[in-house]
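Read off the chains here:
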Amino acid sequence: GLAASLLCRVGCVAVGVVLAALRTHRVLQEDDVEPLRAWLFYWVIWALWLFVIEGVLGLFVTLPRLLPFYYETKFVCLSLLVFSRAKYAQYFYERFLYPTFSEYIEVIDALAARTGSHLTTYASRVRVRAREVVAQEVAAVLRVRRSESESHESQYRSPRS
């Protein structure tokens, strides 16, 4: 039911992100690069899952409604990937992802470069506009304060005789 689904969702974050990050941190301290490679495969799979399954597909359908036991299945998959010390992730990457994406790597790189360029331009425009808005708001506040101060001073000026 609802409680099991909620528990699996929390478990997905605990296992899929927190435990995986801790294990990745541990292998970063080692000199052996093979365990690190395995965890890099894991993070590639996790990123693709988030983007393709939950990001793109999630825009069009509600996954838990479409797939019964979605969170339970996701939890089992993440547990297999993490508790195998990412060996299943390496297998899945080498067997399925690499052959699929290696055909399109140039297209993906070009899209990433173009998207990055557009995002940089957009971020620059947002920064400039934000500065303009903040400057206008600060000027408006200062005008109001100055006006209030002048009004306050004129009320308390002593009449000259």
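Figured I'd write up the structure that's included with this text. (Residues numbered from 1 in each chain as written. Predicted model: local features only at pLDDT ≥ 70, side-chain atom pairs only at ≥ 80, totals over all residues. Heavy atoms only, no water.)

Some words on the overall build of the protein chain
Okay, so step 1: Looking only at helices and strands, the protein chain features six helices and zero strands.
Okay, so step 2: Going from N to C terminus, the protein chain has its helices and strands arranged as α-α-α-α-α-α.
Okay, so step 3: Computed over the C-alpha atoms, the radius of gyration of the protein chain is 28 Å, more than 25% above the 15 Å expected from 2.2 N^0.38 for a compact globule of 161 residues.
Okay, so step 4: Counting only C-alpha atoms, the protein chain reaches 95 × 45 × 40 Å along its principal axes.
Okay, so step 5: Relative to its full complement of 161 residues, the protein chain shows a buried share of 19%.
Okay, so step 6: Within the protein chain, contacts between residues separated by at least 24 positions form 69% of all contacts whose residues are at least 6 apart in sequence.
Okay, so step 7: Put simply, the protein chain shows about 12,600 Å² of open surface, and 64% of that area lies on carbon and sulfur atoms.
Okay, so step 8: For the protein chain, the centre of its 19 positive side-chain charges and the centre of its 15 negative side-chain charges are spaced 8 Å apart. (Helix = DSSP H or I, 4+ residues; strand = E, 2+ residues; numbered from the N terminus. Rg over C-alpha atoms; globule rule 2.2 N^0.38 Å. Buried < 20%, exposed > 50% of the residue type's maximum accessible area, 1.4 Å probe, protein only. Contact = heavy atoms within 4.5 Å. Areas by Shrake-Rupley, 256 points an atom, 1.4 Å probe, with all protein chains shown as cover. Lys, Arg positive; Asp, Glu negative; His and termini not counted. Charge placed at Lys NZ, Arg CZ, Asp CG, Glu CD.)

A look at unusual backbone geometry
Okay, so step 1: With a phi close to 60°, F69 is a non-glycine residue in the positive phi region.
Okay, so step 2: In this fold, F69 is placed in the loop between α3 (63-66) and α4 (70-83).
Okay, so step 3: A relative accessible area of 60% means that F69 is categorised as exposed.
Okay, so step 4: Look at R85: it is not a glycine, yet its phi comes out positive at around 55°.
Okay, so step 5: By the element assignment, R85 lies in the loop between α4 and α5 (87-102).
Okay, so step 6: Residue class for R85 comes out exposed when judged on its relative accessible area of 52%.

Some details on the packing of helix α1 (residues 2-28) against helix α2 (residues 33-60)
Okay, so step 1: With their axes 9 Å apart at the nearest point, α1 and α2 run at an angle of 155° to one another. If you check the angle between α1 and α2, you find them roughly antiparallel. The interaxial crossing formed by α1 with α2 has left-handed handedness. Each of V15, G16, V17, A20, A21, R23, T24, V27 and L28 in α1 lies in contact with α2, whose residues at this interface are P35, L36, W39, Y42, W43 and W46. (Axes fitted to C-alpha atoms, helices over the stretch in contact; angles between N-to-C directions. Parallel < 35°, antiparallel > 145°, perpendicular 65-115°, else oblique. Left-handed = near helix turned anticlockwise from the far one by under 90°.)

Remarks on the pattern of salt bridges
It is possible for side chains of opposite charge to pair when their charged atoms get near one another.
Okay, so step 1: This structure, assessed with the given rule, holds three salt bridges.
Okay, so step 2: A salt bridge links E34 to R37, with the shortest nitrogen-to-oxygen separation between them at 3.7 Å. You can see E34 and its partner R37 sitting in helix α2, three residues apart, about one turn around the helix.
Okay, so step 3: Among the residues examined, R37 registers a relative accessible area of 36% and is labelled partly exposed.
Okay, so step 4: In this structure, E132 engages R129 in a salt bridge whose closest nitrogen and oxygen atoms are separated by 3.3 Å. Of this pair, E132 and R129 are both found in helix α6 (residues 105-155), three residues apart, which corresponds to roughly one turn of the helix. (Salt bridge = Lys/Arg side-chain N within 4 Å of Asp/Glu carboxyl O.)

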